[in-house]
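Working through the structure, step by step
The chain contents come next:
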Amino acid sequence: MQADHPVIGIVMGSNSDWEVMQNAARMLKDFGVAFEARVVSAHRMPDEMFEYAETAAQRGIKAIIAGAGGAAHLPGMLAAKCIVPVLGVPVPSKYLRGVDSLHSIVQMPKGVPVATFAIGEAGAANAALFALQMLAVEDKEIARKLADFRFAQNAKARAMTLPVDE
Ligand code: RP5
């Protein structure tokens, strides 16, 4: 999974976030885009977090998908230390079910943006899709795969039936 030349970084505050964040990894894998996935905790590994942000651009990382739960400071602090776009995924937390994570990630001060996604699996998958859409601006192959993805999604929705139809 850890590609030699990753273009997307997936980071998270704990390995307990993987259940959610694997949805971003799976999407990137499906599209054949090289990524890396790491635990980089804002609170437990602050020095490593800063190093990750400071070296991301020179390592070829074009977007960072950062997931965290509770006092979810990881996306915001990464965004504070680099200009690589940071896509924040609020991970559901034990007591507040991720509303705390969402508020922690979305309420960035003016001047330090984090693109914030939905709580949980949908957010992780959509963050990956959004990163792919960013890459697709300059990569026709990814753009074509995204068009195919949308077409398949549309066909699936159009084929949906309801019990009333039966
Ligand atoms: C956050 O604390 C992590 O992102 C995780 O969502 C949450 C709980 O971490 P663990 O106690 O499971 O390691 O930093």
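Cut-offs and rules
- Residues numbered from 1 in each chain as written.
- Predicted model: local features only at pLDDT ≥ 70, side-chain atom pairs only at ≥ 80, totals over all residues.
- Pairing = 2+ DSSP bridges.
- Helix = DSSP H or I, 4+ residues; strand = E, 2+ residues; numbered from the N terminus.
- Contact = placed C-beta atoms within 7 Å.
- Axes fitted to C-alpha atoms, helices over the stretch in contact; angles between N-to-C directions.
- Near = placed C-beta within 6 Å.
- Nonpolar A, V, L, I, M, F, W, Y, C, P; charged D, E, K, R; others polar.
- UniProt positions renumbered as here; feature names shortened; annotations may be inferred.
- Buried ≥ 20, exposed ≤ 12 C-beta atoms within 10 Å, placed from the backbone.
- Right-handed = clockwise from strand over helix to strand, strands pointing away.

**Structural notes on the sheet that holds strand β2 (residues 35–39)**
Pairing is parallel across the open sheet formed by 5 strands, whose spatial order is β2-β1-β3-β4-β5. Of all the strands in the sheet, the pair left with one neighbour each is β2 and β5 (115–116). Together, β1 (8–12), β3 (63–69) and β4 (86–91) form the strand contacts of helix α3 (residues 74–81), whose direction differs from that of β3 by roughly 145°. Running at roughly 160° to β4, helix α4 (residues 99–106) makes contact with β3, β4 and β5 of the sheet.

**Notes on the site of the ligand**
Around the ligand sit Met-12, Gly-13, Ser-14, Ser-16, Asp-17, Ser-41, Ala-68, Gly-69, Gly-70 and Val-91, and those are all the residues in its vicinity. Split into classes, the residues belonging to the shell around the ligand amount to 3 nonpolar, 6 polar and 1 charged.

**Regarding the UniProt feature "domain: PurE" (unreviewed entry) in the chain**
Within this structure's numbering, the places UniProt gives as "domain: PurE" (unreviewed entry) are residues 6–157. In the segment residues 6–157, helix accounts for 49% and strand for 16%; the C-alpha atoms at its two ends are 33 Å apart.

**Some points on the environment of Ile-64**
Relative to the helices and strands, Ile-64 is located in strand β3. In this structure Ile-64 touches Gly-9, Val-11, Ala-56, Leu-78, Val-84, Val-86 and Leu-87, once residues within four positions along its chain are discounted.

**Some words on unusual backbone geometry**
Positive phi outside glycine occurs at Arg-97, with the angle close to 55°. Among the structural elements, Arg-97 can be located in the loop between β4 and α4.

**Focus: the pairing of β1**
Of all 5 residues making up β1, 5 are buried, and the element is well covered by its neighbours. Neither face of β1 is exposed, since Ile-8, Ile-10 and Met-12 on one face and Gly-9 and Val-11 on the opposite face are all buried. Bridge analysis of β1 against β2 gives 5 bridges, and the strand direction is parallel. Across the sheet, the residue bridging to Val-11 is Arg-38, located in β2. Between the parallel pair β1 and β2, the chain is carried across by helix α1 (residues 18–30), and the sense of this crossover is right-handed. Across 5 bridges, the pairing between β1 and β3 is parallel. Bridged to Gly-9 within β3 is Ile-64.

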